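Read off the chains here:
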Amino acid sequence: MRILLDLQACQSTGSRHRGIGRYSLALARAMAKNAGSHDLQLMLSGLFPETIQSLRREFEGLVPSDRIHIWQTPGPVAELIPDNYRRCRTAEFVREQALASLRPDIVHVTSLFEGSGDNAVSSVGVNGEHLPTAVTLYDLIPLVYEKQYLGAPRQRAWYYRKLGSLKRADLLLAISESSRQEGLDWLDLPPERIVNISSAVDAHFQPRSCSQDAMLSLRHRYALVRPFVMYTGGIDLRKNIEGLVRAYAALPLLIRQQYQLAIVCSVQPEDRDRLEKIARQYGLAADELVLTGFVSEQDLLLLYQDCALFVFPSWHEGFGLPALEAMSCGAPVIAANTSSLPEVIGRADALFDPRNEVAITTKLHQALSDNAFRSSLCLHGLEQAKKFSWDSSAKVAIAAFEEQYARRKSTIQVGVLTQFQAPKPKLAFFSPLPSARSGIAYYSAELLPELATYYDIELIVDQETVDDPWLTANFPIRTWQWFDQHADKFDRVLYNFGNSAFHTYMFEMLDRHPGVVVLHDFFVSNLIQHLDATGQKPGEWSKELYRSHGYIALLEKQKTSDLDSIVWKYPCNLSILNKAEGVIVHSQYSIELVKQWYGDKLAETCEKIPHLRKSPFATDKSIARQQLGLADGDFLLCSFGMLGPVKENAKLLNAWLASPLSKDKRCHLVFVGQPDESEYCAQLIRTIKNKSNGDQIKITGFADTELFRTYLMAADAAVQLRSLSRGETSGTVLDCMAYAIPTIINNNGSMSELPEYALIKLANEFTETQLQEKLVLLKNDTALRFKLGQSAAKFIREHHAPELIAQQYSAAIEQFFKWEPASRLHRTLEKIAAIEMGTSPNEQDLISVAQCLSINEEYRGVRQIFVDISNVNFDAAGDAYLRTKELVSAVLLAFFSTSPIGFRVEPVILSSNNGNDSLRYARQKSCELLDLAPILLTDDLLEARGQDIIVTLIETSVLNVESDSLFLSLGDGRYQLNIGGIVTDTASNKSEKFLQELNLFWAKFILK
């Protein structure tokens, strides 16, 4: 197993000189000593060049130099500096790529909460590519004490983003049992994902000899003129230093005159002023409180050894390393009885309640006045410290890595194991099938024979005939109407969705019989618009624009005369994604589109499985070329697939015509496919007629399977271009690769994910001259053609073979069935419906259950901003109504235009039904206010979740608000934003300033 340690915790300015840096370095060294047969490697950041050589020295003899990797990225990247935003995000992608390039079996992030104020970069899975990751869990103190630590919006956003990464980790290594329990309580993670590996101190923390003169010099250096009570650590709030000073000041004067209180750590000027003021306020003399400032580790060891008593009064610790360090050096130690400290100290009578200053004073008095008690603390501390060792912590961590690795390997094998199930799960497979003129039909025909290894499959279609003999001989073929009556016979349902009319029947079925969706095309807007325009589903396009993209899309559609631009802009697929029990896509690009349109949570329901391609059994190039009338020495360049503007066919034609190939009668350019009916293709055909030399350039028109494969066998090279990718995968590129055809592509959409070594890749935006150069290169360099063709065919066999893809399908379907919240919800609803309640539940009961289920459901899509218009008086007539309408519509438009990314604005209104008041979506009223054509959707009950926001519009300038809700008052053409009764801003409804202030307000409110 290859273990890769990200050691930025030992480099970052925020951690390397503190406990986290010391902990990470000591644990990493111990892991290297105890790695055994595992391949342990280190990753360091080049943004901290001054730390690299010293860290290399730390691992001399433990980790070979070639196993210590330095990764680079442009800086600065401190996240809390706004100008660094792009660099910071870029650096995260760069780092994860660097990690992945080393092919680790597990990555250990030694400190995740880094990079707010320096150049550390930490993340888990932000690029959507999963790397098994373990993270050291020190504590969740900022989350537990959120108001004290996360008051600044940027700091809060940074911390919560890091929490997102933390929850994506496969394994958390807690530094104490207290931290482990904290993770369980606050992160809602299963117990097996958090392991307590404990902590230790370095071997040099032990009693050592020191000359009297050296000790006197040390004391003089830090103004220690009497025996001293010592604390070391941080100065932040939870360390309770103010409480310690007050408790110390409450000791009898006689004891205080014998000792000093030494706070041994870096102290900022404002902290120094505050602590000295508290000391004076509570009667401490000037020399009774000593604030040493930063001390070296060498001096720290001697101060531990020399102190009369070490006290650690912290409210909350992940472990409490200073207390263990002090015990290891022989100091008598007393500490708080909270969080991890009892397990560190291991002695109940050495503990006190840190929130009770009288208790602190009492324990201080006991320890300073009872010599026998203090001596016993010293002896106990030395013995207790022996229970902690870095070797032990490292061994527990490595064992946890091994267990996670084995668990992951077992999970990966799910697809293989299901082939032995008896009986196999029964699967309903929805898809067009041959002879339908659909790429998905032929894709399914290649997948099904292999998928049958894992499932008992029946095919559900909406076509008169299926002409594939293998399918008709091996699978029952049913109509969707039959399935609708027999759905309960099936264990799993799989829908193959595309952007054509072949998939129309699937919408209704998905509504009634949810299942896993294979989203071959991310955009389905062409299909939705077609259903609307042809009258098959009147108004469906507007309804789906609203469902997927909200009122802003409807407003754009109503304002433009170019409806095609709306088709191309908006995917219109959220209904499919939300109803699916899991989504399979064929590229990372499609997952990024989900994130772009609907947020990260919905993207987490998507599984990437490469597009299937079957390698040909055997090809006889010479026979194929004879069938096409090609002579020996002829060069055949093909472009496969339907012709149209997004296929960049004109660019290929122009590059060909400008190249020497067009002058050579032995060179042929063939577009193997059907032109669409656009003016673009009409012009293309005219150009070919005018410029072509005989039959040197031609368009085949629709090519049946036999003709298509003949050209694949015969081609010497291919060009497959694309623009305006909408999430689809180019099956024709994979066809070319499978047939070992050297192929030119451009880096558009999912094609950018294909390997550089197997294709000639142009930039997404390329010039015809660049394409022309590559055409000439392929024509003249036969060795390059052979190399590319063989590499491409090998890539297809290794990554896209039907048996491999079917295995991944099985694993994904079973994983979705077991874990996907949408799938579990259906089973939960079935159980609720089966409960015998004696009497039938009334409507309000059902509504309450539905609302609770909705509230409890994990967020998958965007959060909602509900604008409650219930308090607005729409009953006025004439000019009064028009003024109200103008004002409210202006408010809504302002909300639509300023709502943050990841939020959706929904007007809602209170409705009464049989005496029960409930909030409903105000769809009809919103269309009226915004002058939109009605969208033919009912005002359904509100589907609210815990993270949604509600904004209440009221028509008064006087607000009496005790709740923490957001209000917006209307009056005299002005808006007034109000939260908790505090007015934050006012502006007129025509003011640009209002929009600016609203933007700022959202930023503050969402982070609140």
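Before reading further, recall that the structure is shown in the block above.
The structure presented is a predicted model; accordingly, all values stated were derived computationally and were not measured.

Criteria and thresholds
- Residues numbered from 1 in each chain as written.
- Predicted model: local features only at pLDDT ≥ 70, side-chain atom pairs only at ≥ 80, totals over all residues.
- Heavy atoms only, no water.
- Salt bridge = Lys/Arg side-chain N within 4 Å of Asp/Glu carboxyl O.
- Buried < 20%, exposed > 50% of the residue type's maximum accessible area, 1.4 Å probe, protein only.
- Pairing = 2+ DSSP bridges.
- Helix = DSSP H or I, 4+ residues; strand = E, 2+ residues; numbered from the N terminus.
- Contact = heavy atoms within 4.5 Å.
- Axes fitted to C-alpha atoms, helices over the stretch in contact; angles between N-to-C directions.
- Expected span 1.5 Å × (residues − 1).
- Arc of directions from axis to C-beta.
- Polar contact = N/O pair within 3.5 Å; in protein donor to acceptor, adjacent residues only side chain to side chain.

1. Thoughts on the pattern of salt bridges
Applying the stated rule across the entire model yields 45 salt bridges. A salt bridge links R686 to E679, with the shortest nitrogen-to-oxygen separation between them at 2.5 Å. The salt bridge involving K761 is made with E756; its shortest N-O contact spans 3.8 Å. The class of K761 is buried, set by a relative accessible area of 15%. Among the residues examined, E756 registers a relative accessible area of 54% and is labelled exposed.

2. A short note on the sheet that holds strand β13 (residues 351–352)
Taken together, the six strands give an open sheet; going across it, the order is β10-β9-β8-β11-β12-β13, and neighbouring strands pair in parallel fashion. Strands with a single pairing partner mark the edges of an open sheet, and in this sheet they are β10 (289–291) and β13. Sheet topology places strand β8 (residues 228–232) next to strand β9 (residues 260–264); five bridges connect them, and they run parallel. Each residue of the ladder has a partner; that of T232, found in β9, is V264. Packing of helix α9 (residues 241–249) onto the sheet brings it into contact with β8, β9, β10 and β11 (309–312), and relative to β9 it is tilted by some 170 degrees.

3. Looking at helix α35 (residues 768–780)
For α35, spanning 13 residues, the distance from its first C-alpha to its last is 18 Å, which sits close to the expected 18 Å at 1.5 Å a residue. Of the positions making up α35, those classed as buried are L771, L775 and L778. Angularly, the buried residues of α35 cover 70 degrees about the axis, an arc narrow enough to put them on a single face. Summarising the geometry of α35, the exposed residues directed more than 90 degrees from the buried face are E773 and N780. Of the surrounding elements, those touching the buried residues of α35 are β21 (635–640), α31 (649–658), β24 (717–720), β25 (743–746), β26 (760–762) and α36 (782–799).

4. Section: the side chain of R492
Secondary-structure assignment places R492 in strand β17 (residues 492–497). Side-chain polar atoms of R492 contact the side chain of E814, separated by 2.8 Å. R492 has contacts with P425, K426, L427, A428, Y455, I813, E814 and F817, leaving out every residue within four places of it along the chain.

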